[in-house]
Amino acid sequence: MESKDLMSHLKSAILDIWNESVFTHESSNKWFEDLKVVMLDFFDIQKAEYFIYDSETFLQLSWNHSFTKKLNAIKWSEIETFFYDKDFIDVHTHQIKYCSDNDAALLLRDADQQPFGLIIMESTEKWKEFTQTLEIEEFMESITKLAKIIRKSVFLTQQENQYRNLFNLTKMFNSTLDIGQILEGALNSIQIAFPNFKSILILSNDQDRKTSAPYKLFDYTTERNTTVEAFVSGEITTELAQDLGCRLLNIPIVGKQGIYGILQLFAPLDYLFSIRQREFAILLAAAAGNALENAKLYIQSHRLVSDLQLINETSHKLNLNLSLDQMVVFLRNQFMKFFQPEHVGFVFIENDEYKISPASTELFHTIDGQLYIQYVTNHFKKANDSLFIADFNRLTDLKYEYRSIVAIPLKEQSNITGFSIIMHKEPYFFSFDSYKLMQSLIQHSSLAISNSALRNKLQQMVDRDHLTNLFARNYLDRYVEKAMETDVQGVFVLIDIDNFKRINDTHGHQKGDEILIQIARVIQGMIKNKGISARWGGEELALYLSHMSLEQGIEMGKQLLMAIPQNTNPYVTVSIGISNWHRSENLSFNKLFHYADTELYKAKNNGKNQLSVYKASHSS
């Protein structure tokens, strides 16, 4: 057959391959199998292989991105000089991997004269004869055009599938602001693109993690170096992880304002990710990052409104002139509601001692809770900064049950007056936003708490006698009046120090003050929680014994008569007047006081150092 006729038939066969392959959307393999049949028919060539050019290397089609094969593949730098002035050579004069001396090599170039394919095949007599004809250049041009068209068709088909996947994903992203759906959608799309590979989400610690997709939290101290590099730089990284028996692909989930996590793929050790696969992964992660960022901004805007409402509500409540205990209970409830900790505690510093507020949850009143309180206390003894601990067990050799801890100091000007603490068993439970909100709440609350504590101190100064630390008369009056409204019975006792003026005149007023303090201690030690005591005025003292009968009150009076001379120096005696009331009689406090006062003067007029009792009809 003449060479021109041969070329005409060859072009017809190549056109048939084009017609059958270009619209089938199949891989590059089929067209070359058809071409091998043509080469067998026309040139008796029984062996032929096609190599795809990728990253300065020629990879055989059947290797399917094999990394191990790539290590032994044909590098362009090793054969570039062989094709300096022509696109086909006989291998017997060159050293090319996977080629025998009887092989031929055909280089396929694009419009820019850059290689994109390589055919290595058996060099038969018919082929050698054909290479000496003028039609060889036309054959090479036809083969190159066919390979270009097939290559472009396969590329467009794969690209269409990828972008359809991305389009569906983006469509879903645009229809939801649910972070869980976005993360699950991104992971699902990666699994569709790489169905044979395991994939996992690695999320930064400030994410809302309400998703059923498998994930873990990003940890700088334990993540692999390539994973940290991807998270910090925002660039995709790969790693041949021999210890895991896989090849890792770390795809950062990047938004415009930050990096929110990593999509991690686990491929076989000998797998090679192509440039197109990397580009697709980057586009997918970027779409997920932007959608995640929009959802976060939406959630943050609503959270900001909620936070402002919380701060406003808290500030308004704290300005209602609440007592310190009421404020702490209110703050505890607010913390439980908005931060959802398992425990909330408040600790106040009084005279350099740390005292736990009764409003704190139960744990802090146990030995186990004291361990956490002690740790935070030691911190605030050294520094004024708030504590934000994501995982307490990483800071200590011991294993603690509660791992997420936030502690904010209560300050009066620059001085720490106490602190609040919230805890949860789950590590990384509290977000940084929650930490900042709690700081803001405590800052707004500190002044109100300080003012309340100051009011308590001022009220205590009003309610108590500064010398004896007994209650003042006004406080006792209010206490007794309230008791007479709610209780069944009680005893009122008036005490007058005998010859107190003589003590002052003989030993001085300072000694007289000491006597008053000594008697106050005796009274406080005896009545304890049975009632209250007050300085009535001058050398007169008063007691109110709640729920006591008259007989019990008389017994208490007798004990005081004996104890006071024994516990004063110089010793003094007292005179006592006692009265009582019972709900069965309509007795006012003024009359109760009047009766005790009358009995007191009877005791003094009858020789002092004795008690006198008013006996009403109900107690006779």
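Higher on the page you've got the structure.
Attention here is on the structure that accompanies the text. Please read all numbers here as calculations on a predicted model, not as lab measurements.

We now examine a nonpolar patch on the surface. Side chains of Leu454, Leu458 and Met461 sit close together on the surface and give an oily, nonpolar patch of about 320 Å² of accessible area. With respect to the secondary-structure elements, Leu454 resides in helix 12 (residues 432-463).

Glancing now at the sheet that holds strand 1 (residues 48-54). Taken together, the 6 strands give an open sheet; going across it, the order is 3-2-1-6-5-4, and neighbouring strands pair in antiparallel fashion. The strands lining the two open edges of the sheet, one partner per strand, are strand 3 (74-75) and strand 4 (88-90). In this sheet, strand 6 (residues 115-122) lies alongside strand 1 in antiparallel orientation, the contact comprising 5 bridges. Directly across from Ala48, in strand 6, lies its bridge partner Met121.

Once that is clear, we can look at the pattern of salt bridges. Applying the stated rule across the entire model yields 16 salt bridges. In this structure, Arg535 engages Asp465 in a salt bridge whose closest nitrogen and oxygen atoms are separated by 3.5 Å. Residue Arg535 is located in strand 19 (residues 531-537), and its partner Asp465 is located in the loop between helix 12 and strand 17 (471-472); the two are separated by 70 residues in the primary sequence. The exposure class of Asp465 is buried, given its relative accessible area of 14%. With a shortest N-O distance of 3.4 Å, Lys604 and Asp498 are connected by a salt bridge. On the criterion of sequence distance, the pair formed by Lys604 in helix 17 (residues 589-605) and Asp498 in the loop between strand 18 (489-497) and helix 14 (500-507) is long-range, its members being 106 residues apart. An identical accessibility class is assigned to Lys604 and Asp498; each is buried. Each of Arg224, Glu239 and Asp243 takes part in one network of salt bridges that share partners.

Reading the values: rules and limits
- Residues numbered from 1 in each chain as written.
- Predicted model: local features only at pLDDT ≥ 70, side-chain atom pairs only at ≥ 80, totals over all residues.
- Heavy atoms only, no water.
- Patch = residues over 30% accessible without salt bridge, like charges linked within 9 Å, V, L, I, M, F, W, Y side chains within 5 Å.
- Areas by Shrake-Rupley, 256 points an atom, 1.4 Å probe, with all protein chains shown as cover.
- Salt bridge = Lys/Arg side-chain N within 4 Å of Asp/Glu carboxyl O.
- Helix = DSSP H or I, 4+ residues; strand = E, 2+ residues; numbered from the N terminus.
- Pairing = 2+ DSSP bridges.
- Buried < 20%, exposed > 50% of the residue type's maximum accessible area, 1.4 Å probe, protein only.

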